[in-house]
Amino acid sequence: MDERSSGPVGETVRRTIFVRGAVQGVGFRWWTRARALELGLVGHARNTADGRVEVVAQGPAEAVDALEALLRESPTTTRRPGHVESVVVQAGVPRDGTTGFVER
């Protein structure tokens, strides 16, 4: 298990990731959705009233770790739009029946 991973390889996890910075109106949610789908994750990315983007990601622990790393990466190597100042993560309980990854 990786020190940043929240579970054994293959375990399904759910995390809510709050991203602060210049992340609204720049294609950040679209970019996040594309990366999440590439990683086989389900969930959503939505703008919040205080200017952050909330990303809820569920899937294998290693895939959620990978998305979180891409959101934190500085400088970006994947042409992530906008500018990320901080990332805060909250662990959650995986939910049955969650499908797809959408922008809200």
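All of these numbers come straight from a predicted model, not from anything done at the bench.

Engineer: Looking at this model, I keep getting lost on unusual backbone geometry. Mind explaining?
Structural biologist: Among all residues save glycine, negative phi is the norm, and among peptide bonds the norm is trans. With an omega of -5°, the peptide bond between Ser74 and Pro75 qualifies as cis. Relative to the helices and strands, Pro75 resides in the loop between helix 2 (61-72) and strand 4 (83-92). The phi dihedral of Arg79 is positive, around 60°, even though this residue is not glycine.

Engineer: Would you mind showing me how to read the sheet that holds strand 2 (residues 42-47) here?
Structural biologist: The strand order 4-1-3-2-5 describes an open sheet built from five strands, whose pairing is mixed. Only two strands of the sheet have a single partner each, and these edge strands are strand 4 and strand 5 (101-103). Shown here is a sheet whose adjacent strand axes are inclined to one another by a mean of 15°, direction ignored. Docked against the sheet, helix 1 (residues 28-38) engages strand 1 (12-22), strand 2, strand 3 (53-60), strand 4 and strand 5, running at close to 175° with respect to strand 5. Here helix 2 sits on the sheet in contact with strand 1, strand 3 and strand 4, set at roughly 150° to strand 3.

Engineer: Is there a simple way to think about the nonpolar core in this case?
Structural biologist: The tendency in soluble globular proteins is for nonpolar side chains to be buried as a group. Counting residues in each nonpolar core, the largest one holds 21 residues, and the members touching the most others are Val19, Phe28, Leu41, Val55, Leu67 and Leu71. Among the elements that take part in this core, helix 2 stands out by supplying six residues, more than any other. Not counting residues up to four positions away in its chain, the partners in contact with Leu71 are Ile17, Val19, Phe28, Trp31, Thr32, Val55, Arg80, Val84 and Val87.

Reading guide: rules and limits
Residues numbered from 1 in each chain as written. Predicted model: local features only at pLDDT ≥ 70, side-chain atom pairs only at ≥ 80, totals over all residues. Heavy atoms only, no water. Helix = DSSP H or I, 4+ residues; strand = E, 2+ residues; numbered from the N terminus. Pairing = 2+ DSSP bridges. Axes fitted to C-alpha atoms, helices over the stretch in contact; angles between N-to-C directions. Contact = heavy atoms within 4.5 Å. Core = buried A, V, L, I, M, F, W, Y, C linked by side-chain atoms within 4.5 Å. Buried < 20%, exposed > 50% of the residue type's maximum accessible area, 1.4 Å probe, protein only.

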